[in-house]
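# Report on the structure
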Amino acid sequence: MSEVIEQAQHVSKYTRNHPYQSTVTYNELLTAPGSEKETRHLVMSLEEGMTYTPGDAVGIVPENREEAVAEVLRVLGYRGDERVLDHYKVEISLEEALRTRLHIGKLARSSVNQLAKLAPESAGLKLMAGPDNKAKAEEYCWGREFVDLATDFPGLLKEPQQLFQVLARLTPRMYSIASSQAMHPDNVQVAVRVIRYESHGRQRQGVASGELGERAPVGAQLPIFLHANGNFRLPEDDSSPIIMIGPGTGIAPFRAFLEERQAMGHAGRNWLFFGEQREKLDFLYKEQLLGMQRDGVLTKLDTAFSRDQAAKVYVQDRMRERGTELYEWLEQGAYFYVCGDATRMAKDVETALLDVIALGSGGTLEHAAEYLATMKKQKRYQRDVY
Ligand SMILES: Cc1cc2nc3c(=O)[nH]c(=O)nc-3n(C[C@H](O)[C@H](O)[C@H](O)COP(=O)(O)OP(=O)(O)OC[C@H]3O[C@@H](n4cnc5c(N)ncnc54)[C@H](O)[C@@H]3O)c2cc1C
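Presented here is a report on the structure given in the accompanying data block. Values in this document were obtained by computation on a predicted structure and should not be read as measured data.

## Some points on unusual backbone geometry
Phi is positive for Lys 89, which is not a glycine, with a value near 65°. In this structure, Lys 89 sits in the loop between β4 (83-85) and β5 (91-93). Residue classification places Lys 89 among the exposed residues on the basis of a relative accessible area of 64%. Although it is not a glycine, Lys 379 adopts a positive phi angle of roughly 60°. Note on placement: Lys 379 falls in the loop between α16 (365-377) and β15 (381-385).

This is how it looks when you write it as structure tokens:
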């Protein structure tokens, strides 16, 4: 059997429905105490033969926290030992269903709609149900979880099994891989921003990030699977230069790229733009990045710490400041990568990139758009945004 086929089989042996039981071997804060963010670095063991490529992601199959499950059971008036059939018609306890199968976190509009269908007598739910009341339902769902819906509209479920109609499936969460296997053959590493907030009088946590932040100490078992992402890859020609825009946890795949290029001795130049709130508290992987800069692996490093001065500065501002050189790199065939926040950052970075191209080439924005389209065709503009 060829090595490639053998590797592919190893990768696919574990899937979201049949994950690998990995052991957490490291779980520490990357941010310093006092930061508004809580970002952690986790290392998880792999079985021999499990392989990934920089640019891939790892899926983590989360569990809802016990307190959240207990609260839902209490509000619904169930004990937890009631029997239900899961999505595969396997009989399990209601407690297990709420912990491992059902999405009791962030409330979805579909849950409001489904509960309204099951309880047409509820006038309050009717006001939020259906396509005509989308905006009202969205407003209600914001910052709420299923427990709030069950509290506000009590006594509407006739039997525990109906929860499978009301609640979506608890799905795995993806994390960009932050390590290169050329450097760490037997583990996979991630940078996770732990989501915590307070809303409507309750303390909330992201389902998966909360688990990784609080309930995944060294030695804990986590069900994981590797997820290939062929659209986010280092250049085939390892002498090609790369430009990486990775603010916040967007740094993760670029740490993997840099480790790979360091371990393999790739000749290509590497330029990283990193951004966060404060240099002292939020400079993720600072020591390693500065070390790579000293060793010449990281050719250029530009940082943007938005809260360190009166006027906010972001990665896209640094790109504009370095526009002339950035355009030179593009002209020399550089690949341009973006990872991190999809809602704002990715758009702002693209706008800045178009401006840099227009200015550098002395052309119009239309010309810049064509230039970028060509880069895309050549796979020289790749994004991993979420
Ligand atoms: C390809 C890919 C790669 C990714 N890589 C990474 C990575 O490297 N690192 C990383 O940390 N994440 C990454 N993510 C995101 C990650 O998959 C999860 O979505 C993230 O960790 C949140 O999951 P959760 O289960 O903790 O939160 P959930 O339980 O899913 O809840 C998150 C939701 O909570 C809501 N929320 C958050 N704050 C508030 C607030 N203040 N008020 C009201 N509502 C709020 C938001 O609607 C948010 O969507 C990636 C995603 C994808 C698709």
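The rest of the description comes next.
## Considering the packing of helix α14 (residues 323-331) against helix α15 (residues 345-361)
Helix-helix packing is characterised by the crossing angle of the two axes and by the distance between the axes. Taken N-terminus to C-terminus, the directions of α14 and α15 make an angle of 85°; their axes are 9 Å apart at the nearest point. If you check the angle between α14 and α15, you find them roughly perpendicular. Contacts between α14 and α15 involve Gly 323, Leu 326, Tyr 327 and Leu 330 from the first element and Leu 353, Val 356, Ile 357, Gly 360 and Ser 361 from the second. Of the residues assigned to the contact of α14 with α15, the class counts are six nonpolar, three polar and no charged.

## Examining the site of the ligand
Within the structure, the ligand sits among 19 residues, and Arg 173, Met 174, Tyr 175, Ala 208 and Ser 209 are positioned closest to it. A distance of 2.7 Å is found between an oxygen atom of the ligand and a side-chain nitrogen or oxygen belonging to Tyr 175. Within the side chain of Tyr 197, a nitrogen or oxygen atom sits 3.5 Å from a nitrogen atom of the ligand. Compared with its free state, where it exposes 990 Å², the ligand has 73% of that area covered by protein.

## Observations regarding the pattern of salt bridges
If charged atoms from side chains of opposite charge come close, those side chains can pair. In total, this model carries 28 salt bridges according to the counting rule given. In this structure, the salt-bridge partner of Arg 383 is Glu 350, at a minimum N-O distance of 3.7 Å. Residue Arg 383 is found in strand β15, and its partner Glu 350 is found in helix α15; the two are separated by 33 residues along the sequence.

## Some words on the sheet that holds strand β2 (residues 39-45)
In space, the six strands of this open sheet follow the order β6-β3-β10-β1-β2-β7, with antiparallel pairing throughout. Each end of this open sheet is capped by a strand with a single partner; those strands are β6 (173-176) and β7 (187-193). The sheet shows a mean angle of 40° between the axes of neighbouring strands, taken without regard to direction. Relative to β7, β2 runs antiparallel, the two sharing seven bridges. Across the sheet, the residue bridging to Thr 39 is Arg 193, located in β7. The sheet contacts of helix α9 (residues 207-214) involve β1 (20-29), β2, β3 (57-60), β6, β7 and β10 (221-227), and relative to β6 the element is tilted by about 65°.

## Remarks on the packing of aromatic side chains
This structure, assessed with the given rule, holds 16 aromatic pairs. Seen from their ring centres, Tyr 14 and Tyr 20 are 5.1 Å apart, and the 55° between their planes marks the pair as tilted. Between Tyr 327 and Tyr 371 the ring centres are 5.8 Å apart and the planes differ by 40°, which places this aromatic pair in the tilted class. Note that Tyr 327 is positioned in helix α14 and Tyr 371 in helix α16, a separation of 44 residues in sequence.

## Topic: the sheet that holds strand β13 (residues 300-305)
Paired through backbone hydrogen bonds, the strands of a sheet run either parallel or antiparallel to each other. Taken together, the five strands give an open sheet; going across it, the order is β13-β12-β11-β14-β15, and neighbouring strands pair in parallel fashion. A single partner strand is all that each edge strand has here, and the edge strands are β13 and β15. Averaged over all pairs of adjacent strands, the angle between their axes in this sheet comes to 10°, without regard to strand direction. The sheet contact formed by strand β12 (residues 270-276) and β13 spans six bridges and is parallel. Along β13, the bridge assignment pairs Phe 273 with Asp 302.

## Examining the side chain of Asn 64
Position of Asn 64 relative to the elements: it lies in the loop between β3 and α2 (66-76). Side-chain polar atoms of Asn 64 contact the backbone oxygen of Leu 102, separated by 2.8 Å. Once you skip the residues sitting within four places of it in the chain, Asn 64 turns out to touch Val 69, Leu 98, Arg 99, Leu 102, Ile 104, Leu 170, Val 207 and Arg 215.

## A look at the packing of helix α10 (residues 252-264) against helix α12 (residues 286-294)
Orientation of α10 relative to α12, taken along the N-to-C sense of each, is 40°, at an axis distance of 12 Å. Viewed along their axes, α10 and α12 form a crossing whose handedness is left-handed. Each of Arg 255, Leu 258, Glu 259 and Gln 262 in α10 lies in contact with α12, whose residues at this interface are Gln 288, Leu 289 and Met 292. Grouping the constituent residues of the contact of α10 with α12 by class yields three nonpolar, two polar and two charged.

Quick notes on the rules
- Residues numbered from 1 in each chain as written.
- Predicted model: local features only at pLDDT ≥ 70, side-chain atom pairs only at ≥ 80, totals over all residues.
- Heavy atoms only, no water.
- Helix = DSSP H or I, 4+ residues; strand = E, 2+ residues; numbered from the N terminus.
- Buried < 20%, exposed > 50% of the residue type's maximum accessible area, 1.4 Å probe, protein only.
- Axes fitted to C-alpha atoms, helices over the stretch in contact; angles between N-to-C directions.
- Parallel < 35°, antiparallel > 145°, perpendicular 65-115°, else oblique.
- Contact = heavy atoms within 4.5 Å.
- Nonpolar A, V, L, I, M, F, W, Y, C, P; charged D, E, K, R; others polar.
- Near = heavy atom within 4 Å.
- Polar contact = N/O pair within 3.5 Å; in protein donor to acceptor, adjacent residues only side chain to side chain.
- Areas by Shrake-Rupley, 256 points an atom, 1.4 Å probe, with all protein chains shown as cover.
- Salt bridge = Lys/Arg side-chain N within 4 Å of Asp/Glu carboxyl O.
- Pairing = 2+ DSSP bridges.
- Phe/Tyr/Trp six-rings, centres within 6.5 Å; stacked < 30°, edge-to-face > 60°.
- Left-handed = near helix turned anticlockwise from the far one by under 90°.

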